[in-house]
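Overview (structure and organization)
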2 protein chains.
Amino acid sequence: MAGRTAFDLDADEVVDAALALLEEEGLDAVSMRSVGARLGVSPVPLYSRVGNKDALLEAMAARLMAGMAPAVDEGEPWVDYAVRWATAVRRRFARTAELRLVLGNSRAPFVEATRPLIDTLRRAGFAADEAVQACRLLLWAVAGFATIEGGTVRDRPTRGRRPGGDPSGVSRTEADHLFAVHVRYVVEGIARDHEATGVDG
Amino acid sequence: MAGRTAFDLDADEVVDAALALLEEEGLDAVSMRSVGARLGVSPVPLYSRVGNKDALLEAMAARLMAGMAPAVDEGEPWVDYAVRWATAVRRRFARTAELRLVLGNSRAPFVEATRPLIDTLRRAGFAADEAVQACRLLLWAVAGFATIEGGTVRDRPTRGRRPGGDPSGVSRTEADHLFAVHVRYVVEGIARDHEATGVDG
DNA sequence: ACCTGAACACCGTTCAAGT
DNA sequence: ACCTGAACACCGTTCAAGT
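Read on for a plain summary of the structure. Keep in mind that what you see is a predicted model, and the values were worked out from it rather than measured.

**Notes on the nonpolar core**
Formed by 114 residues in total, the largest nonpolar core has its most connected members in V35(A), L56(A), M60(A), V35(B), L56(B) and M60(B). Each residue touching M60(A), except ones within four places of it in the same chain, is listed here: V15(A), A18(A), L19(A), L22(A) and V30(A).

**Details of the protein's contact with DNA strand C**
If you check the shell around DNA strand C, you find 15 residues, and the closest are R49(A), M32(B), R33(B), Y47(B) and K53(B). Near the protein, meaning within 4 Å, the atoms of DNA strand C are sugar or phosphate in a fraction of 59%, with bases accounting for the rest. At 2.8 Å from a phosphate oxygen of DNA strand C is found a side-chain nitrogen or oxygen belonging to R49(A). Between S31(B) and DNA strand C, the recorded distance is 3.3 Å, taken from a side-chain N or O atom to a phosphate oxygen. Of all elements in the fold, only α3 (44-50) of chain A together with α2 (32-38) and α3 (44-50) of chain B reach the threshold of two or more residues within the surface near DNA strand C. Broken down by element, the residue count for the surface near DNA strand C peaks at three residues, all from α3(A). Each residue belonging to the surface near DNA strand C can be placed in one class, and the counts come to eight nonpolar, three polar and four charged.

**Comments concerning the packing of helix α1 (residues 11-25) of chain A against helix α4 (residues 53-65) of chain A**
All names here are of chain A. Viewed as axis vectors pointing N to C, α1 and α4 meet at an angle of 80°, and their least axial separation amounts to 10 Å. Classified by the interaxial angle, the pair formed by α1 and α4 is roughly perpendicular. Across from D12, V14, V15, D16, A18, L19 and L22 in α1, the residues of α4 making contact are L56, A59, M60, R63 and L64. Residues that form the contact of α1 with α4 fall into these classes: nine nonpolar, no polar and three charged.

**Quick word on the protein's contact with DNA strand D**
With respect to spatial proximity, 15 residues lie near DNA strand D, and among them M32(A), R33(A), K53(A), S42(B) and R49(B) are the closest. Sugar plus phosphate, as a fraction of atoms of DNA strand D within 4 Å of the protein: 60%. The side chain of R33(A) places a nitrogen or oxygen atom 2.5 Å from a base nitrogen of DNA strand D. S42(B) has a polar side-chain atom sitting 3.0 Å from a phosphate oxygen of DNA strand D.

**What about the environment of R192(B)?**
Structurally, R192(B) can be placed in helix α9 (residues 172-197). Sequence-wise, R192(B) and G36(B) are 156 residues apart; in three dimensions their C-alpha atoms are separated by 53 Å. Once you skip the residues sitting within four places of it in the chain, R192(B) turns out to touch E188(A) and R192(A).

Procedures and definitions
Residues numbered from 1 in each chain as written. Chains lettered and ligands numbered in written order. Predicted model: local features only at pLDDT ≥ 70, side-chain atom pairs only at ≥ 80, totals over all residues. Heavy atoms only, no water. Core = buried A, V, L, I, M, F, W, Y, C linked by side-chain atoms within 4.5 Å. Buried < 20%, exposed > 50% of the residue type's maximum accessible area, 1.4 Å probe, protein only. Contact = heavy atoms within 4.5 Å. Near = heavy atom within 4 Å. Polar contact = N/O pair within 3.5 Å; in protein donor to acceptor, adjacent residues only side chain to side chain. Helix = DSSP H or I, 4+ residues; strand = E, 2+ residues; numbered from the N terminus. Nonpolar A, V, L, I, M, F, W, Y, C, P; charged D, E, K, R; others polar. Axes fitted to C-alpha atoms, helices over the stretch in contact; angles between N-to-C directions. Parallel < 35°, antiparallel > 145°, perpendicular 65-115°, else oblique.

This is the structure:
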C-alpha cells in the first residue's frame, strides 16, 4: 500500500487532493504543482487525468455540488419544497467560501440539481416551460445571492481590508434575513403568475 | 508632450491604462507588467500610485460603476424608478463581460449607486430601515443576476468550450426575460410588504 | 507507455543599484 | 526622491530525456 506511484492514479484522486487543498489552504493554494506534490507526483501526470486546470476546477465544483438538491417529500406543497431547495443550494455554496471562484467555470452541476425541483413543479400542475422558467428564476436568484454573499463575508485577510470597513457588507444574520425575503418574493411571484395562467384543472 | 516620464503619472492614468487593456484584451491581459508597459514604465512605479494589484482592480471597478444610477424623475412612482434603477445597474455590468471578476474585490461602488434609490423610497414614504432593506434586496438581486449572467454569456473562448454546449446557458433574450420577471417579483414583493406595514399616512 | 526534470513564458512583489 | 533592472518565489503548460 506504500507502493503507490503515479501509475495508478485516477481523476477522482486528483480531485480529492485538490479539494483537500482548497479546504485547508484556500483556492490560491490549489495549483497543478501543489496538487501533484500532495499526491507525491509531478504536475505532468495530472494533465492526462483531468485535462488541465480549468477542467480540474470544473470537476471540483461538480463534486461539491453533487447531491445538492434535498429529497422530495411526498405530499409537500411545491412552495415549501422550493424554499427548502433554495435554502439547500445556498447552504452548499456557503460551505466553501471561495466557491464563487470555482463557479466561474461551469454551471453544469446546477443543472443536475435542478431536476427534483422541476419534477415537483410539474406534479403541482406547472406546464413544462413554466416549470423550467420558474426553476431558472430560482436558480439564478439563489446562485447570484450566494455568489455575492461569498464575496461579502470573506474570512481570508487579502491584505489590508479591515473587518467591517465595507459598508455594503452585511452580517450573517442580515444575510440570512435578506435571503429569506428574497426567496419568498420570488416564490410568491412564481405562485401568483402560475395562478393567473392555470385557472383550469 | 512626448516628454512624458514616470515622474508625472497619477493613479487615474494607471486606471485608464488598465481599463483600456481590459476592454481590448480582457482581464487576463491586465497585469502590473502590462499596465506599466502600456504607460512606458516599469511595474514598480505603479505600486506608489495604486497600492497593489487588488487595489488597482478595486479602482477599476469604482470607475466602471461611477454614475451608474439613473437620474430621478420628479413625479415618478418609486416602483418605476426601482425598475429603471435595476435595469441600469444590470446594463452597466453587461458592458464589461468580465466585470464579475473585478467585482470580487469591493462592493463600495455599489453603495454609492444606492443613494438615489434610497432617497426615492424615502420620499415614497418608506421608513429608513425599510428603504435600506428594499434597496439591499434589489441590489443583491441585480448584482447576483448580473454576476451569473456574465459567466453564462461568455464570449471569450477559454479553450475547449463549444458554444451552446452548456445546458444552463440561456440566450440573450431569455436572460432579458428572466431579468424582467425577477425584478418584477422583487419589486412587487417590496410593494406588498410596504403596503402591509404602512397603512397610515 | 508514462513518468521526471528542465524549460518557456508568464505572474505579483521587492530590493539593490543607479541618476 | 524615484526610477530601472534584476531577482525571488511562484504560475500553467510543454517537451526532451529517461526507465
